[in-house]
Amino acid sequence: KRFWLQGGGVEHRLKAGRAAPTLGSWCPAAMARPARDIGSGKRDYESADDEDESSRDESYESEGSEDDKGPQATKFFVAGTAVIVAVGLAIFWYVRQAVSSEERASPSWLRSKRFVMPLINGSNLTQSWDTELVEGMCLGREKEGLPVFDDDDEDEDDEEEFGDSYEGEGDAKPAAKTSRRLGSYIKAIVAVEGVRRFVLADGATMPYYSSADVQQEEPSGAEFVVFVFHGAVRDAINYFCAGKNLMLSQKKYPLEKSLLVVLKWHYAIDEPIPGDVWWNSSKPWGSWMAGGHSDIKSGAMISSFSVIDEFLVYLADNPTKYPKLKEILLMGHSAGGQTLHRYAFATHLKPPKLSTPEDVAKKLGFRKDLDVRFVIANPSSYLYLDNNRWAYSCGDPDSDNPTGCTILEYKEFEFDLGRHDWSVDFEFGNEGYRVTEGLGKKNGTDYPFLCRTWMFNHWFYGLNWTHLNDGFVVPYLAEHPNITEAVAIYPDRDVVYLVGQNDTCTDNEFNFCDEKCWTKNVSTSRCYRNHMDMRCPAMLQGPNRNSRGFHYQRHLYEFYGRKVHGLMEVPGTGHEGGKMLTADYGLIAIEGSTKEIWDMSIDPLSVPLGQVTTTTWAPGMPIR
């Protein structure tokens, strides 16, 4: 932190994080009058009015003058000086409580500066919900104030790229930067002070928001821990506040026994402090969404999935600190959904019901009495477990459906069966839309697949077993204890998929806009951008997020030969993180039993198929 004295005014600038709004001048009536003739011993102040200077000079002469000092003016001067000094000391004391970036680099900082949480009535365990802190962090924010551009996995490094398209009603559409910039000095202080840092095994730190300190010294009474994973814009504070609303709505656990955590995945442009881990966005090696390693210049090189492992192991295998923990829920929307989906498959931690005491001791599993659930909402793409993909075409002028897509067929993908020249320009045009070089060229041949690419099965779109066997994958996957076992036990994980009914937009790539697209402009029939992944490997999974969710359910059914996990469609909702996480279906995902969710889930056989040429996989069979 620094004080900047500018023209007599006091301005407080936050060194850590975004610059706070100017406080303005204190006591402007006095401070706006700098001394003009100090050398002569006179304190000659400029006045806003036109009073006579000679009378002022007589009233404000210095102590060594032989002229009359003017008792009343002297009292005014002394009183004004006292006020300035008092205000200055108060500001100094307040800012002194804040911590410099250098101090924050110390792993023990937050625990040494925090408030001790109150005890749960009738126990020696602390509460896990600091109401004053949580409400302060979300002060003035919209209840569902998540931006619509919080997708997925395009190149998000430019701070200026995000436009002004927000979810919500009426005219509550703040400028894009407002999603990361706080609206007042108090909110800036609260948000900065609300960031905690989890000390990883190698001493590096991972920033996060939470309702209480995860690594607090006192034992916690938390019975329920909820992790919420933010989107690609990395607006963790917005997701934290959406998670707060969800926690206030759920009735399964008392608030004082619930802990909310939102990890802050950083890039270099996010100004991480020394010691923090951050990622460089290269795909997939430096992508936190794909389990990539943090940058070599950050606090440590560690997989994003290893970071999640460390949080979960600390909570689940820590009877001294978390003796009452019963359930861990992990929820992710958009890019957060992508992260969580790949993690649910690839984590080195076995599901609780399959974990042995040896697994727990080796930090490779959970104790059997702990429930761990994954809720994955509106990801742009999914992890396919074999070579089968979806053949279809969209918007062909000479087809039977020039304003929509053909019926999809599920079959093994072959490069030579895909159309030529599908290409997406990842630069933004004048209107913010990406541009494609057509819909894939037929060249006189009716190719069944929309596009062709050799990367359709590369991690993190699929499992390329040649790459896996050669170790040409992100290190977390290369070091996996047993990938074949991960495939076999994936159905045993408690996973719920949520898709928005109106999450059918395609960034105006096609020459039509789906009628259900929630951001459709009626007057122009254009689809507003929402950064869906339009690369060929993603397009082979379906034309939009909604369809891709349904298709993945059918893929799992065809792969395992039975219904796997649960899929629910959230009515009237597009790519809206706040609504997805706080809607009735979000609550069902929290409060519902596995059986209840299973019974409510969409039947994967309801997803239509054309020609089916697949073989059901079984344990022990090779995976193509």
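Residues numbered from 1 in each chain as written. Predicted model: local features only at pLDDT ≥ 70, side-chain atom pairs only at ≥ 80, totals over all residues. Heavy atoms only, no water.

Participant: Whenever I open this one, the overall build of the protein confuses me. Can you help?
Facilitator: Counting its regular elements, the protein contains 19 helices and 16 strands. Out of the 624 residues belonging to the protein, those deemed buried represent 55%. Contacts in the protein between residues far apart in sequence, at least 24 positions, make up 70% of those at least 6 positions apart. Of the roughly 27000 Å² of accessible surface on the protein, a fraction of 53% belongs to carbon and sulfur atoms. (Helix = DSSP H or I, 4+ residues; strand = E, 2+ residues; numbered from the N terminus. Buried < 20%, exposed > 50% of the residue type's maximum accessible area, 1.4 Å probe, protein only. Contact = heavy atoms within 4.5 Å. Areas by Shrake-Rupley, 256 points an atom, 1.4 Å probe, with all protein chains shown as cover.)

Participant: Please explain the side chain of D309 as it appears in this structure.
Facilitator: Position of D309 among the secondary structure elements: in helix 9 (residues 304-316). One buried charged side chain, D309, makes no salt bridge at all; its nearest oppositely charged neighbour is R493, positioned 8.2 Å away. Here D309 is in contact with Y343, T347, H348, L349 and Y476, once residues within four sequence places are set aside. (Lys, Arg positive; Asp, Glu negative; His and termini not counted. Salt bridge = Lys/Arg side-chain N within 4 Å of Asp/Glu carboxyl O.)

Participant: Where do I start with the state of the cysteines in this structure?
Facilitator: Two cysteines whose sulfur atoms are joined by a covalent bond form what is called a disulfide. For the coordinates displayed, the defined rule picks out four disulfides. Here C505 pairs with C517 through a disulfide, and the sulfurs are 2.1 Å apart. Taking the sign of the torsion about the S-S bond as the criterion, the disulfide between C505 and C517, at about 105 degrees, is right-handed. Here C505, found in the loop between strand 13 (494-500) and strand 14 (520-521), pairs with C517, found in the loop between strand 13 and strand 14; they are 12 residues apart in sequence, far enough to count as distant. On the basis of relative accessibility, which here comes to 5%, the residue C517 falls in the buried class. (Disulfide = S-S within 2.5 Å.)

Participant: I'm lost on the environment of A344 in this one. Help?
Facilitator: Within the secondary structure, A344 sits in helix 10 (residues 335-346). Distance in space between the C-alpha atoms of A344 and F374 is 7.1 Å, their sequence separation being 30 residues.

Participant: Any chance you could explain the pairing of strand 6 (residues 258-263) here in plain terms?
Facilitator: Looking down a regular strand, the side chains alternate between one sheet face and the other. Most of strand 6 sits out of view: six of its six residues are buried. Every second residue of strand 6 is oriented toward a common face, with S258, L260 and V262 on one face and L259, V261 and L263 on the other, all of them buried. Note that strand 4 (residues 205-210) and strand 6 share three bridges and pair antiparallel. The residue of strand 6 that forms the bridge with Y209 is V262. With four bridges joining them, strand 5 (residues 224-229) and strand 6 adopt parallel strand pairing. Among the inter-strand pairings, V226 is bridged to a residue of strand 6, identified as L260. Following the backbone out of strand 5, through helix 8 (residues 236-249) and into the adjacent parallel strand 6, one traces a crossover that is right-handed. (Pairing = 2+ DSSP bridges. Right-handed = clockwise from strand over helix to strand, strands pointing away.)

Participant: I keep staring at the sheet that holds strand 13 and nothing clicks. Help me out?
Facilitator: Two pairing modes exist for strands in a sheet, parallel and antiparallel, and in both the strands are linked by backbone hydrogen bonds. Read across the open sheet, the eight strands follow the order 3-4-6-5-7-8-13-16; overall the sheet is mixed. This sheet does not close on itself; its edge strands, each paired only once, are strand 3 (196-199) and strand 16 (566-570). Across the sheet, the axes of successive neighbouring strands diverge by a mean angle of 25 degrees, strand direction being ignored. The sheet contact formed by strand 3 and strand 4 spans four bridges and is antiparallel. What sits directly across from F198, in strand 4, is M206. The strands that helix 18 (residues 584-591) touches are strand 5, strand 7 (327-333), strand 8 (371-377), strand 13 and strand 16; relative to strand 7, the one it contacts most, it runs at about 150 degrees. (Axes fitted to C-alpha atoms, helices over the stretch in contact; angles between N-to-C directions.)

Nothing here speaks to function; it is all geometry.
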